[in-house]
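Notes for the structure review
The lines below spell out each chain.
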Amino acid sequence: MKGGKDMKKIYKYYFDDNSYKLKLDGVDKFIILKETLEFNGNQFYENIFKDYSEDFEIENEMTEEDMKADKFAQPILDMIKEMKDAIVKKISEEKAQ
Amino acid sequence: MSDKIVKEAIKVDFHIHSIGSKFKDHAKVKDLTIDNIDILIGKLNKYNINMCAITDHDNFEYEIYKRLKEEEGKGSIKKVLPGVEFSVAFENKVLHIIVVFDDSEEDKVKSIQKILFGDSDKPQYDDIEKNAYTEKKFLEIMKEINLSNIMIAHQKGTLSSTGKPKKNDVLSLGEEKLEELVFVDYFDSFEFKSSKNEIFNKHYLEKNKEKFKKNDIRFITGSDCHDWNNYPEDDEFKFTYLKCLPTFRGVSMAMTDYRRIKYINSFFTASNKLMEDIEIEINSINKKIELSKGINVIIGDNSIGKSLLIHKITGYSYLSNKTKMKKNYEEYLKANGIDIKTKIDKKMIYEFDKQGGIREKFEQKKLTGTDFLKKYFPVPPNIIFEKQLVLQEVSNFINYLKLKKEFKTYINNINSFKIYLRKEKSNSVTFNNVDIDLSMKLQKYKELLDNYNFILNKINLILQDTKLLDKEDITRINELKLEFEKLNTKYGNYKKTTEREIVKINVINDVIRETEDRIEKIKTDEDKKFEIYKNAKNKLVENICKILTTQKNIEKYEPKLEEKELDISTNIIGDYKFVAKCSVSKISNDYIIEKIRQPFKKKYKDLDIDKIDSDNLEDMLPDDPEESDDKIEYYRKLIEANINEDFEIKNTIINKDEEDKTKEMSSGFNSKIYFEILSYQDKDEGIYIIDQPEDDVSQTSIKKFLLEDFKEMSNHRQIIIITHNPQFIVNLDVDNVIFIEKKDGEIQINYGALEYKDDFIDMLNIISENIDGGIDTINERWKRYEKNI
C-alpha cells in the first residue's frame, strides 16, 4: 500500500465509455458495466471488503464536466459511497459494542 | 472321642538330650537320667508340650524313651517318638541330623541302640577322626533300623547370615551343597533355636524366592536341651506348633507343608459360629460326625447325598429350585432311613456357594452388581468438574462449526442487483374533467317538445272535425299548427345538438380518465423498481456487515483444555486393588481432538479438524437414524455420547502391584479373585460352605492359587467343602475328611483327618480308592516319603 502503513486506503472512482470503476493503486477493483448497470455484490465484497480492517476513502478522479456529461456518473458514485459508509458505520458500531 | 480329626495345633520339641548323649556331652548330661525323668516330664507339662522326642547324640536310650512314653495321654503329652541326633560327615564337615522315627513297631525301636553301637558300648563311627558316621554308614544304619522317619538338619545359624557358618549346620557344607540337599528333599526340615532367626530365615526365603519355592525349606525349632532343670534353657525360645494329629504320620505330613508349621499357635482362630459336629441317625442308629475348626471335606460317589447333607443342615435356605429339590432330597433321606438332626441358622453361615454358584455370581450380574464384590469397591471418584470442562470444550468446537456454517451462508447470500436510478420528477400535469352538465337542458328540450307534440295532436283532433268551425278559424288553426310544427322542428334540432354535445363530453372525460390512470400506473412501477433496488442494496450492505462480523469471530479452532489426570478411587484387598474409575485417565487437548474425530467413519479418522464443516459432516458421520436436518447437532450428540461413555465410572479389579491401572483381570480369574477375597476376610466369622469349588477352574489354577486361599481361609473360619478333586483333599492337607458311601445297601459315613489311620480305616487309602486321581495326588504329595509311608 502506498503512503505507509497508517495511511487510509483510497479507492479512485472513474468511468469510461463502458463502465464505472473503482481502482486501488492503479488496479481496477470494482466495475459496473454501463450496458447492464448491474451491481456485482460478490465482486464488491471480495475486492473491497474481504480484507477490510479500517475505513477507506473513495475519491472521484473525474472532472466536473465529465460528470455532467454522464447523467449516471454522479448517482452511481453517490450510491457506492453511501453503501460503503453504511457498512463502515455498522461495523464500527459493532466493534464498539 | 478319639483324636480322629485335627482340632488343635500340636506343640512339639524333638530335640531334647539325656544321659544318652554322654559320648559327646560328657558331664553336661550326667544328671539327665531315668531317675530324674520327672523333672523333664514336669517341664514338658509346664510348657504344654504335646509331642516330643529325646534325641541323643548317636545314641538311643530305650529305657528313658519307654519311661517318657508312659506319660502319653497324661498331662499335655500326647505322643513321644523315638529319635537320635546323628553326627554325619559330609565331605569334610560334620552335620548334625535329628532323626525322629515311627513308633509303631516296638521291636525295631528297641533295636536302634544295638544298630548304632554294634557289639560295642558306644557309637561305632566309621569316620573316627571326626567322631562321626560317614553319609554311607548313616544311610546303612537308617536302612537297618528300617523305620519310617523324619530328618531334621541342624541350621542353628540363620541362612541369611554373612558370617562364618556355624559348626554342624547344613550351611557349613557350602551354599552349593545346601541347594543340592534342598533340591533332592534330603531333609524334612531345618532346625533353628534362636527366636530372632525366624525373621532372618523368612527374609532368606523371600530373597531367594527365584531359587527356592515357598515350600522347599521348612524350619522348625528344637530346644536342644541339655539341662532338664532349665528346660527349655532359653526364656525367649519359641516352640513349634504343627497342624496335625499327634501321630508320627501326622507329624510327617505337617513337616512337608510350611503352612502347617507355626511358632505361635494361630491355627483355628475361629471361636464363634462353628459347628462342633453333625448329628445323623441312620436306620435308628445315632452318629456324630466331628467337624474340625479348619477344613472339612465331604467326599463320596455322585448322588450319594453330599449336597443333600449341606442343604439339609442349612434348612434348604440356599437351594434355587427349592420345592423340587427339597422333595427329592426328603424322599432320598426317607428311602435310606436317614434323619439329619443338626440344623444351623443362616446367621452362622459366612457364604454358601452351591454347585456352580460362583460362576452364577459373576455371570448373572456385572462384576459391579455382584453383591459379594460390591462392598469392596470404593466410593467413585468425583470427575463431574472435569467432564464439564470437556463438554464445554466440545460446545466451543460445535459453536465454531456453527459460526463457520453461518459465515458460509452469508457468503452464499451475497446478492447482485440492477442499479435503478430515478429520473428527476417533471412538473406534474393536472387533469380536469369536462364538468358541463347538459342533461338538464336536454330534459327541458324533451319537455318542450312533448308539449309541442301535445298541442299539435290537439290541433289535429280539432281539424278532423271542422263542422262547427268557420273557414277563417280553420285557416287560423292551420296557421297555428304550422307555427307549432316549426317550433317543434326547431327545438327538436336543439335537443339533438344537446344530445351530441353530451356524447362528446363523455368521450372527452373518458379519455381524460384513461390518461390519468396510465400516468398513475407509470408512477407506481417506478417506485416499485426503486424499492427493489433500494432493498437489494440494503441487503447487500447488511450481508457484508454480517460477513465481516462473523469473520472476525471465526478463529482457527484450537482446544484450550488444561491437561489433568482424572481421579481414581481404589481399595486394596489382599493382592487386589478394587478400582472405581472412568475409562479415560486424563483430559487434554489431544483427548478433545480424539473425541472430535471419534464419530467419523474410518477413512476420516485422521482428518485435520480445520477441514470439518457442516457441508462434509454428512459424508463423514454414520447415518443419522433420526434423519435430522441439523447435522451439527447430530454430530454434537455423537461426541457427547462418547464422552458420557468415557466418563462412566466402571468398577474393575486389578493386581495390587499392577502399575498399568487400565489393565484389568481377565474373567478367567473370577474364581481366583473370589477365593482370595474370601481368604482375606478374617473379621466376619462364620462357616464357609462350598459345593465343588473345582468347577470351572483348571487343575493348574487350583494348585497355584486356590489351595493357598483355602488354607489361609481355614486359619480364621470353619470350611466345609464338597469335592471330587483330590487336590482339594490331599494338597489342601484338610483337617477332616467325611466319606459317605453305600455299603450293603446302607449309607455309611466315616471321617478323620487326612493322616488318620486306625484298625478299620486309613483315610489315605479311602481317598486313593474312591477319588479319581487320588492315588496319583497322594504319591505326588508324598513322593519324598515313598520310603516310609
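Please refer to the structure higher up on the page.
Now for a quick tour of the structure. Throughout, a residue's number is its position along its own chain's written sequence, starting from 1. Lettering for chains starts from A, numbering for ligands starts from 1, and both go in the order in which the items are written. Side-chain atom pairs in this predicted model are given and counted only at pLDDT of 80 or more, local residue features only at pLDDT of at least 70, and totals for whole chains, interfaces and linings cover all residues. To get the side-chain values, take all heavy atoms of the structure and skip hydrogens and water.

The next subject is the sheet that holds strand β5 (residues 57-60) of chain A. Residue and element names in this part refer to chain A. Here the rule is simple: two strands pair whenever DSSP picks up at least two bridges between them. Secondary structure elements follow DSSP: runs of H or I no shorter than four residues count as helices, runs of E no shorter than two count as strands, and numbering proceeds from the N terminus. Spatial ordering of the open sheet is given by β3-β2-β1-β5, a layout of 4 strands whose pairing is mixed. The strands lining the two open edges of the sheet, one partner per strand, are β3 (27-33) and β5. Along the sheet, successive strands turn relative to each other by an average axial angle of 25 degrees, direction set aside. The pairing of strand β1 (residues 10-15) with strand β2 (residues 19-24) spans 5 bridges and is antiparallel. When the sheet's bridge partners are listed, Y11 is paired in β2 with L24. A contact between two residues is defined here by any heavy atoms of the two lying within 4.5 Å. Note on geometry: axes are lines fitted to C-alpha atoms, helical ones only across the stretch in contact, with angles between N-to-C directions running from 0 to 180 degrees. Together, β1, β2 and β3 form the strand contacts of helix α1 (residues 41-49), whose direction differs from that of β3 by roughly 160 degrees.

Residue and element names in this part refer to chain B. Burial here depends on accessible area, computed with a 1.4 Å probe over protein chains only, as a share of the maximum for the residue type. Under 20% is buried, over 50% is exposed, and the range in between is partly exposed. Restricting attention to buried positions, one finds in helix α8 (residues 197-207) the residues N197, E198, N201, Y204 and L205. The buried residues of α8 all sit within an arc of 125 degrees when viewed along its axis, so they share a single face. Exposed side chains of α8 directed beyond 90 degrees from the buried face belong to I199, K202 and K207. Check the buried side of α8 and you find it contacts α7 (175-183), β7 (189-192) and β8 (219-221). Each C-beta atom gives one direction from the helix axis, and the arc is the one those directions make.

Moving on to the packing of aromatic side chains. Pairing of aromatic rings covers Phe, Tyr and Trp, the last counted by its six-membered ring, and requires centre-to-centre distances within 6.5 Å; plane angles under 30 degrees mean stacked, over 60 mean edge-to-face, and any other angle means tilted. Per the stated rule, a full pass over the model turns up 46 aromatic pairs over all chains. For the ring pair F39 of chain A and F417 of chain B, a centre distance of 4.8 Å and an interplane angle of 10 degrees mean the geometry is stacked. Highlighted residues: F39 of chain A in strand β4 (residues 38-39) and F417 of chain B in strand β16 (residues 417-418), drawn from two different chains. Overall, F39 of chain A belongs to the buried group, its relative accessible area being 0%. Pairwise contacts between aromatic rings join Y11, F30, F39, F44, F49, Y52 and F56 of chain A together with F417, F530 and Y533 of chain B into one cluster. Geometrically, a lysine NZ or arginine CZ counts as sitting over a ring once it is within 6 Å of the ring centre and also within 35 degrees of the ring normal. Positioned over the ring face of Y14 of chain A is K23 of chain A, at 4.6 Å from the centre of the ring. The ring of Y350 of chain B has R717 of chain B sitting right over it, with the charged end atom 3.7 Å from the ring centre.

A few words on the pairing of strand β3 (residues 79-90) of chain B. Residues and elements named next belong to chain B. Within β3, 12 of the 12 residues are buried, which leaves it mostly tucked inside the rest of the structure. Of the two faces of β3, the one lined by K79, L81, G83, E85, S87 and A89 and the one lined by V80, P82, V84, F86, V88 and F90 are each fully buried. As paired elements, strand β2 (residues 51-57) and β3 share 7 bridges and run parallel to each other. What sits directly across from T55, in β3, is G83.

Turning our attention to the environment of G118 of chain B. Residue and element names in this part refer to chain B. Along the chain, G118 turns up in the loop between α5 (112-117) and β5 (133-134). Given a relative accessible area of 28%, G118 falls into the partly exposed group. For G118, the contacting residues outside a window of four places in its chain are Q113 and Q124.

Hydrogen bonds between backbone atoms are what pair the strands of a sheet, whose relative direction is either parallel or antiparallel. Residue and element names in this part refer to chain B. Pairing within the open sheet is antiparallel, and its 3 strands lie in the order β18-β19-β21. One side of each edge strand has no neighbouring strand; the edge strands of this open sheet are β18 (569-573) and β21 (650-655). When the angles between neighbouring strand axes are averaged without regard to direction, this sheet yields 20 degrees. In this sheet, strand β19 (residues 576-581) lies alongside β18 in antiparallel orientation, the contact comprising 5 bridges. Residue I572 lies in a different strand from β19, and its bridge partner there is K577.

This paragraph deals with the interface of chain A and chain B. With 24 residues of chain A at the interface, the matching set in chain B holds 20 residues. Of the roughly 2000 Å² buried between chain A and chain B on both sides combined, carbon and sulfur atoms contribute 70%. Salt-bridge detection follows one rule: a side-chain nitrogen of Lys or Arg within 4 Å of a carboxyl oxygen of Asp or Glu. Applying the counting criterion to the chain A and chain B interface returns 1 salt bridge. We note a salt bridge from E82 of chain A to K537 of chain B, for which the minimum N-O separation is 3.1 Å. Definition of a polar contact: a pair of N or O atoms within 3.5 Å, with one able to donate and the other able to accept a hydrogen when the atoms are protein atoms, and with sequence-neighbouring residues admitted only if both atoms are side-chain atoms. Summed over the shared surface of chain A and chain B, the result is 7 residue pairs in polar contact (both at pLDDT 80 or more). Elements supplying a minimum of two residues to the side of chain A that touches chain B: β4, α1 and α3 (73-96) of chain A. When two parts are put together, the accessible area they lose, computed with a 1.4 Å probe and summed over both, is reported as buried area.

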